[in-house]
Amino acid sequence: MPRTPKPQTYYDDIKRKFAEERDLRLSYRPQGTQQYTSDLDGELQKYAIDPYSPDVPSRDPLNDTVEVLFIGGGFSALLTSARLREKGVESIRIVERGGDVGGTGYWNRYPGAACDVVAYDYLPLLDELDYVPVRHYSQGPEIFGHCQAIAKKYDLYRLAVFHTTITETRWSEADRLWHVRTDRGDHMRAQFVICANGTLSKPKLSKIDGMTSFRGYSFHTSRWDYQWTGQQLEKLADKRVGIIGTGASAVQIVPEVAKTAKELFVFQRTPSSIDVRDDWPTDPNWARKLEPGWQAKRREKVLAAFERDPKLVAKLAAMSPEEKLRQQENGNIDYMMRIHSRIDSIVKDKATADALKPWYMFMCKRPCFHNEYLPSYNLPTVHLVDTRGKGITQIAEEGPVFEGKVYPVDLLIYATGFEVQKTGIYNTIIGRDGQNLEDKYANGVRTVLGIHTAGYPNLFIMGGYQASFQFNLTDMLQTQGDHIAACIDHVRRKGLSMIEPTDDAEQWWVDEVIKHRGKTGRNQECTPGYYNFEGESNRRQDGNYNGGFRQYFDHQGEVRARMEENFILG
């Protein structure tokens, strides 16, 4: 039977509840992004140490020149390198802080690590590698292994430099090269530099009083210490474990730790939305019948999905902006109330179930999908400490403190996330006339497509602001990699040495970004999180391009079609 339509007052009441919860959290943490630190120096330095390759091989400093240099070795660098190889570029160097390629796949090796995007779409270059993922959703080891396979296929290890952090990237007008210096004493030069350090790569910690006084053991989720926990977490059998945070990483970690730990305390500020995860092994018969080019066809379907049906377009055009917004919000609320119902159907303790319910619009925070997270709270050894928006603000020698109560733990795991979309996370980028990129962006981010920026010749940025935002990030990165490879190929084929966007092209894109942002008050209405800079106000140009993925893809082609108009070609 069709459901009885709910009165508008029902939705208005829930929106008010959303606003109350947002305001509560903002009142506790008015400092926005400043409530975190990613400067992991001094006593916090241990949270940045790489536990996966502790023995760093010694080497002499490099003093050489390459054609293309990548800052970072994750999917951005790998899939762009593949396209450059296809265009005949041989001199490609990846400089990576970790001990191998992989980026997110290298660092995030915590138990239960998996991707929330269907593997056949998320893992790039499946056609090129003739590979079909083993499951509907890829788990951490497969993702990391796939990155290594790409690097091997395209001969990227030969010039790669690992355990190395770039500290300065400076443009030299004299030789029209980027001069790149590192923490290993290297002085490398490159014609083209591609910032591929990832959108979520530098770990951050909440600023909590007493962190350094904790007498137990602790680490960040992206630096998981299996030597301490055991490969199967078997060493936690007699340990009390605390996890601070309930975001995407914690949602995957909690069920695994809950299986073995003597006791687990989960400290929650804001709950995540948890939906069903429909996972299964890949059907070998389906995989066997796939024809060459199958992933490229899936990608085209994704782009086509963003082209609305003409009938729907006509229907929406007939509605007022207020009606369209109301329809979107009501549908969003219906979805979130279904999430609430799912929690009630799984979590037995009513107080715990209520605490796990997210009171915000869908996509205000990163959505999560898991089948074991909610049932974990039915175990007698798992305790949810709901701070009701306050968060943990003090840690004693024995463990976290909330409302005067100390929670003694042997192990404290920080699931506090990463810095978001920073172009130079450890690295100072100096362009023409000695201008620091941070100084340029201080008055508002200015790019073309989120990839090029005036005053920084032959510099390309991947996954940064003013690019399109996609839940499946590799789809967007693939379009950027294709675009960058085409631009470099154009410079090489024309016998040129330099490509730099014009001021007019940059202003056009800034205007495009502004035009498609701020159509609703969603950014301000959302509960604090990294999607909205923890509730901080920000300039309309300092964010993602929201004109649609297909439009972003088409704009890339339009920019390349008018190279001489959009770029200074040296």
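Here, every reference points to the structure presented above.
Below, the structure is looked at part by part. (Residues numbered from 1 in each chain as written. Predicted model: local features only at pLDDT ≥ 70, side-chain atom pairs only at ≥ 80, totals over all residues. Heavy atoms only, no water.)

## What to know about the sheet that holds strand β14 (residues 382–386)
Okay, so step 1: Read from one edge to the other, the open sheet built from 5 strands follows the order β9-β18-β10-β11-β14, with strand pairing classed as parallel. In this open sheet, the two strands that pair with only one neighbour each are β9 (217–220) and β14. Recorded for the sheet is a direction-independent mean angle of 15 degrees between the axes of neighbouring strands.
Okay, so step 2: Where strand β11 (residues 263–268) meets β14, 5 bridges bridge the pair, whose relative direction is parallel. In the strand pairing of β14, Q268 is matched with D386. (Pairing = 2+ DSSP bridges. Helix = DSSP H or I, 4+ residues; strand = E, 2+ residues; numbered from the N terminus. Axes fitted to C-alpha atoms, helices over the stretch in contact; angles between N-to-C directions.)

## Here we look at the pattern of salt bridges
Okay, so step 1: One pass over the structure, following the stated rule, counts 39 salt bridges.
Okay, so step 2: Where E372 meets K259, a salt bridge forms, and the shortest distance between an N and an O atom there is 3.4 Å. With E372 in the loop between β13 (368–369) and α14 (373–376) and K259 in helix α8 (residues 248–260), this residue pair connects regions lying 113 residues apart in the sequence.
Okay, so step 3: D475 is the salt-bridge partner of R299, the closest N and O atoms lying 4.0 Å from each other. Taken together, the residues span a long stretch of sequence, with R299 in helix α10 (residues 294–305) and D475 in helix α16 (residues 473–493) at a distance of 176 residues.
Okay, so step 4: Residues joined by salt bridges that share partners form a network here, namely R83, E86, E128, R299, D475 and D482. (Salt bridge = Lys/Arg side-chain N within 4 Å of Asp/Glu carboxyl O.)

## A few points about unusual backbone geometry
Okay, so step 1: The phi dihedral of D155 falls on the positive side, at around 55 degrees, and the residue is not glycine.
Okay, so step 2: Take D155: it is sitting in the loop between α6 (140–153) and β4 (166–172).
Okay, so step 3: Given a relative accessible area of 35%, D155 falls into the partly exposed group.
Okay, so step 4: Positive phi is not limited to glycine here, since E403 has a value of about 50 degrees. (Buried < 20%, exposed > 50% of the residue type's maximum accessible area, 1.4 Å probe, protein only.)

## Quick word on helix α2 (residues 75–86)
Along an α-helix, residues three or four apart share an orientation, since each turn contains 3.6 residues.
Okay, so step 1: The first and last C-alpha atoms of α2 sit 17 Å apart over 12 residues, in line with the 16 Å expected at 1.5 Å per residue.
Okay, so step 2: For α2, a buried count of 11 out of 12 residues is recorded, marking the element as mostly surrounded by other parts of the structure.
Okay, so step 3: Listed in full, the buried residues belonging to α2 are F75, S76, A77, L78, L79, T80, S81, A82, R83, L84 and R85.
Okay, so step 4: Two residues or fewer after α2 comes G88, characterised by a positive phi angle close to 90 degrees. (Expected span 1.5 Å × (residues − 1).)

## Overview of helix α12 (residues 321–346)
Okay, so step 1: Given a rise of 1.5 Å per residue, 26 residues ought to cover 38 Å, and the 38 Å separating the end C-alpha atoms of α12 matches this to within 8%.
Okay, so step 2: All buried positions along α12 are accounted for by E329, N330, N332, I333, M336, M337, I339, H340, R342 and I343.

## Examining the packing of aromatic side chains
Okay, so step 1: For the coordinates displayed, the defined rule picks out 25 aromatic pairs.
Okay, so step 2: Aromatic pair Y106 and W107: ring centres 4.9 Å apart, planes at 90 degrees, arrangement edge-to-face. In this pair, the class of Y106 matches that of W107, namely buried.
Okay, so step 3: Between F192 and F460 the ring centres are 6.4 Å apart and the planes differ by 40 degrees, which places this aromatic pair in the tilted class. Here F192, found in strand β6 (residues 187–195), pairs with F460, found in strand β21 (residues 459–461); they are 268 residues apart in sequence, far enough to count as distant.
Okay, so step 4: In this structure F460 comes out as buried when scored by relative accessible area, which is 0%.
Okay, so step 5: Of the aromatic side chains, those joined through ring pairs into one cluster are Y217, F219, W224, Y226 and W228.
Okay, so step 6: The side chain of K239 reaches across the aromatic face of W228, ending 5.7 Å from its centre. (Phe/Tyr/Trp six-rings, centres within 6.5 Å; stacked < 30°, edge-to-face > 60°. Lys NZ or Arg CZ within 6 Å of the ring centre and 35° of its normal.)

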